[in-house]
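Next come the chains, spelled out residue by residue.
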Amino acid sequence: MSTLSEQILGAPAGEYLDRRVDRAFAHDGTGVLALEAWRAIGNGVFTDPDRRHLIFDHIAPANTSLTADLQHELRAFAKKQKIHFSDVGGGVCHQVMAEGCALPGEVVVGADSHTCTLGALGAFATGVGATDLAGVWATGESWFRVPETIGIFLEGHFTGAVEAKDLALAYVAALGMDGGTYRALEFVGEGAAGLSMADRLTLSNMAVETGAKAGLFYADKTTQKYFAGFGHEVGVQHREVDGYPDEVTIDLGNLEPLLALPPRVDTVCPVAEKEGMAVDQVFLGTCTCGRYEDLERFAAIVKGKKVKVRTVVVPASRAVLLRAVETGVLTTLVEAGCAVGTPGCGPCLGAHMGVIGEGEVCLSTANRNFRNRMGVGGEIYLASPSTAAATALAGEIASPEGCL
Ligand SMILES: CC(C)[C@H](C(=O)O)[C@@H](O)C(=O)O
Ligand code: SF4
């Protein structure tokens, strides 16, 4: 009777093991550090290039000469080692990896904390430091401690304007920012089975905000359908355990649109409590909520209207952007007055493309609202794409409930 993490890693919780890594990736930020470490430890050996990815997303296009020089060197390295390379505009690493690269049942490591996003696919995916990634480049393996699992039982379905991001904030608030430390989360129950892949990716993405190593869904028919779109035939995974030592149960039908207040992701309140609070910027994007479905939800609310506050939209990937072009969602956003940026992380970590000033407030669909993250002295409120749309139209925090 094993949890999904135990099934994939092939050992019981608590055990330490060395394991071949099926897929590994870095981005422009951590890739630079990994390259330095690899030069120190790798003896020139680079393993499994066909299963290694380098994805430029964090500060891409480059913002300074220094960044450009570092990226120039890293780009040449990727070419030399013949690894998969996604350059400027390809999208956020986690979304790019989710678009047919990482597969159910795989052990995936990424030099970025939100690598847990890929748990939505039924992979054991976890973030590692750049030095650990360099170790994987050199040896093809890494060490793991198989995590204990917390069961997140989901019941019912969303009502009104509630969506996956609200549920993500609800479970992070229930566990707290250290409630999942070194555990895996498994999202199970009828409510989990009913979620789309986009919603699952949003939920798995925020597992690390509880301190968890991974956040997994069992591959099912939804997973199979999703991968069929990328030409992959994948199997389903079966839950062997009925219960877990720690469990959280959430009824999707009881949720309302939520906000995480700065500077903690687990300080969550109903949007209704903060309605009317002025904001300076709205940001729709990131590996949490920059997928096509998120842009579509936002567009449904702003269609034919004008935003009252500066609104930055950054699609999570080129594929997302293309689909938004094809369906007219992009036109709706641009006509509403949104500024659309190059696919990637955008202003999420305060490096470019929408940094906020001192005392400014941003309502963002991202996953972190830590002090100074999007700009020194700025404050970040986290919410769903629909809440972001209602807020953009009102110029102040507004509930999406009245907009549907
Ligand atoms: C810059 C990078 C190392 C970081 C992470 O690992 O999460 C970033 O993506 C973030 O979201 O804060
Ligand atoms: S979009 Fe934000 S949270 Fe996601 S990887 Fe980029 S910086 Fe990190």
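Computed from a predicted structure; not experimentally measured.

The rules we used
Residues numbered from 1 in each chain as written. Chains lettered and ligands numbered in written order. Predicted model: local features only at pLDDT ≥ 70, side-chain atom pairs only at ≥ 80, totals over all residues. Heavy atoms only, no water. Pairing = 2+ DSSP bridges. Helix = DSSP H or I, 4+ residues; strand = E, 2+ residues; numbered from the N terminus. Axes fitted to C-alpha atoms, helices over the stretch in contact; angles between N-to-C directions. Near = heavy atom within 4 Å. Polar contact = N/O pair within 3.5 Å; in protein donor to acceptor, adjacent residues only side chain to side chain. Areas by Shrake-Rupley, 256 points an atom, 1.4 Å probe, with all protein chains shown as cover. Nonpolar A, V, L, I, M, F, W, Y, C, P; charged D, E, K, R; others polar. Domains from an automatic or database assignment. Buried < 20%, exposed > 50% of the residue type's maximum accessible area, 1.4 Å probe, protein only. Contact = heavy atoms within 4.5 Å. UniProt positions renumbered as here; feature names shortened; annotations may be inferred.

The strand order across the open sheet formed by 4 strands is E10-E9-E8-E11, and the pairing between neighbours is parallel. Each end of this open sheet is capped by a strand with a single partner; those strands are strand E10 (214-216) and strand E11 (246-251). In this sheet, neighbouring strand axes are inclined to one another by 20 degrees on average, regardless of whether the strands run parallel or antiparallel.

This part covers the site of ligand 1. Neighbouring residues of ligand 1: His27, Thr30, His58, Asp112, Ser113, His114, Leu349, Arg368 and Arg373. A distance of 2.7 Å separates an oxygen atom of ligand 1 from a polar atom in the side chain of His58. A distance of 2.5 Å is found between an oxygen atom of ligand 1 and a side-chain nitrogen or oxygen belonging to Ser113. Relative to its unbound accessible surface of 310 Å², ligand 1 loses 73% to contact with the protein. Of the residues that constitute the shell around ligand 1, the class distribution is 1 nonpolar, 5 polar and 3 charged. Each of domain 1 (1-255) and domain 2 (260-403) gives at least three residues to the shell around ligand 1.

Looking at the secondary structure, you find Asp22 in the loop between strand E1 (16-20) and strand E2 (23-27). For Asp22, a relative accessible area of 11% gives the class buried. Engagement of the side chain of Asp22 in a polar contact is seen with the backbone nitrogen of Val107, the distance being 2.6 Å. When neighbours within four sequence positions are excluded, Asp22 is seen to be in contact with Arg51, Arg52, Gly105, Glu106 and Val107.

The subject of this paragraph is the site of ligand 2. Residues in contact with ligand 2, as listed here, are His58, Val92, His94, Asp112, His114, Thr286, Cys287, Cys345, Cys348, Leu349, Asn367 and Arg373. The class makeup of the residues in the shell around ligand 2 is 5 nonpolar, 5 polar and 2 charged. Taken domain by domain, the makeup of the shell around ligand 2 includes at least three residues from each of domain 1 (1-255) and domain 2 (260-403).

As a further point, take the UniProt feature "binding site: [4Fe-4S] cluster" (unreviewed entry) in the protein. Residues annotated in UniProt with the feature "binding site: [4Fe-4S] cluster" (unreviewed entry) correspond here to Cys287, Cys345 and Cys348. A compact arrangement is adopted by the annotated residues: their sequence extent is 62 residues, whereas the largest C-alpha distance between any two is 9.5 Å. With respect to the helices and strands, the residue Cys287 is situated in helix H10 (residues 286-289). Judged by its relative accessible area of 8%, Cys287 falls in the buried class. Non-local contacts of Cys287, meaning those with residues more than four positions away in its chain, are made with Val92, His94, His114, Thr117, Asn205 and Asn367. Here Cys345 lies in the loop between strand E16 (339-340) and strand E17 (361-364). Once residues within four sequence positions are removed from consideration, Cys345 is found in contact with Asp57, His58, Val92 and Phe283.

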